[in-house]
Amino acid sequence: MEKINNYIEHTLLNPCAAEKDIEKLTKQALENKFFGVCINPNYVELASTLLKGSTVAIVTVVNFPLANNTIDMTLYQTERVLALGAQEVDTVLNLSALKNKDYAKVEGDIKKTKEICSNHNLKVILEVDLLTNQEIIEACNCAISAGADFVKTSTGFVKNGLGATVEAVKLMYETTKNAELKVKASGGIKDYNKAKALIEAGAARLGTSSGVEIMTGRISI
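First, a word on what this report is: a plain description of the structure on this page.

Our focus in this paragraph is the overall build of the chain. When you go through the chain residue by residue, the secondary structure sums to nine helices and eight strands. Relative to the compact-globule value of 17 Å for 221 residues, the chain shows a C-alpha radius of gyration of 16 Å, a close match. Seen through its principal axes, the chain has C-alpha atoms that stretch 45 × 35 × 30 Å. For the chain, contacts bridging at least 24 residues in sequence account for 69% of all contacts bridging at least 6. Carbon and sulfur atoms make up 49% of the accessible area of the chain, which amounts to about 10,600 Å² in all.

Below is the structure:
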């Protein structure tokens, strides 16, 4: 296993985050040599300035967290965040279309978003707390067919949701392992043991607001 810091996208998606919080986040990412930071679109430009010249990637979210955009809204948002300096984009899958078994719509939305992203990684958030195992499999297959780069477990915004579980990551990994699609685990990752278990289950990235605690062995409450 690589050093765990190489897996971590140090995450701050709190809608009340202030500029000083983003400054702290980026400083911690630099100090710990995290893979990247994952932030809301309104702070992409600031993070681009703070991380200029570093190897820390800037990741942001679109159609987030409720997956209630129309596709044209998501595509416009994707164009804008990339123009502001985002290097990777995490989008929430069209959950209503998935529930309706409209897999052509699910796949089409992902494909159109990936076309905007071009050589930038696109991660598709499945929101596994709201899906059955079969729906998770169908969602992964849609992401594969559409040319996405990752499937991701969760937004972290589902009330009482479990977020990233070993079981969900294993299912996603087993579904995608023979395709050029990786798994990002996100949601409820608060300590080193959980992080390690998710990597062993197949996660290639970890989205967590507890990156520093994971690196130091402390427990995040």
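Our focus in this paragraph is helix α5 (residues 103–117). The end-to-end C-alpha distance of α5 is 21 Å, a good match for the 21 Å that 15 residues give at a rise of 1.5 Å each. Along α5, the positions that sit buried rather than exposed are Val 106, Asp 109, Ile 110, Thr 113, Lys 114 and Cys 117. Angular distribution of buried residues about the axis of α5 spans 130°; they occupy a single face of the element. Exposed positions of α5 whose direction lies more than 90 degrees from the buried face are Ala 104 and Glu 115. Of the residues one or two after α5, Ser 118 is the one with positive phi, at around 55°.

To summarise the sheet geometry, strands pair through backbone hydrogen bonds and adopt either a parallel or an antiparallel arrangement. In space, the eight strands of this closed barrel follow the order β1-β2-β3-β4-β5-β6-β7-β8, with parallel pairing throughout. Averaged over all adjacent pairs, the angle separating strand axes in this sheet is 25°, with direction ignored. As judged from the three bridges shared by strand β1 (residues 8–12) and strand β8 (residues 205–208), these two strands associate in the parallel manner. Each bridged residue has a counterpart across the sheet, and for His 10 the counterpart in β8 is Thr 208. Against the sheet, helix α1 (residues 19–32) touches β1 and β2 (36–39), its axis set at about 170° to β1. Together, β6 (150–152) and β7 (182–186) form the strand contacts of helix α7 (residues 166–176), whose direction differs from that of β7 by roughly 165°.

Next up on the list: helix α6 (residues 133–146). With 14 residues, α6 extends 20 Å from end C-alpha to end C-alpha; this agrees with the ideal 20 Å at 1.5 Å per step. Those residues of α6 not exposed but buried are Glu 135, Ile 136, Ala 139, Cys 140, Cys 142, Ala 143 and Ala 146. The arc enclosing the buried residues of α6, seen along the axis, measures out at 160°, which places them on a common side. On the buried face of α6, the contacting elements are α4 (95–99), α5, β5 (121–125), β6 and α7. One or two steps after α6, the chain reaches Gly 147, where phi turns positive at roughly 85°.

So, on to the pattern of salt bridges. One pass over the full model with this rule turns up 13 salt bridges. For Glu 200, the salt bridge goes to Lys 196, with nearest N and O atoms at 2.6 Å. Placement of both Glu 200 and Lys 196 in helix α8 (residues 192–201) is noted, with a separation of four residues, approximately one turn of the helix. Assessed through its relative accessible area of 56%, Glu 200 is described here as exposed. Among the residues examined, Lys 196 registers a relative accessible area of 30% and is labelled partly exposed.

Each value, and the rule that gives it
Residues numbered from 1 in each chain as written. Predicted model: local features only at pLDDT ≥ 70, side-chain atom pairs only at ≥ 80, totals over all residues. Heavy atoms only, no water. Helix = DSSP H or I, 4+ residues; strand = E, 2+ residues; numbered from the N terminus. Rg over C-alpha atoms; globule rule 2.2 N^0.38 Å. Contact = heavy atoms within 4.5 Å. Areas by Shrake-Rupley, 256 points an atom, 1.4 Å probe, with all protein chains shown as cover. Expected span 1.5 Å × (residues − 1). Buried < 20%, exposed > 50% of the residue type's maximum accessible area, 1.4 Å probe, protein only. Arc of directions from axis to C-beta. Pairing = 2+ DSSP bridges. Axes fitted to C-alpha atoms, helices over the stretch in contact; angles between N-to-C directions. Salt bridge = Lys/Arg side-chain N within 4 Å of Asp/Glu carboxyl O.

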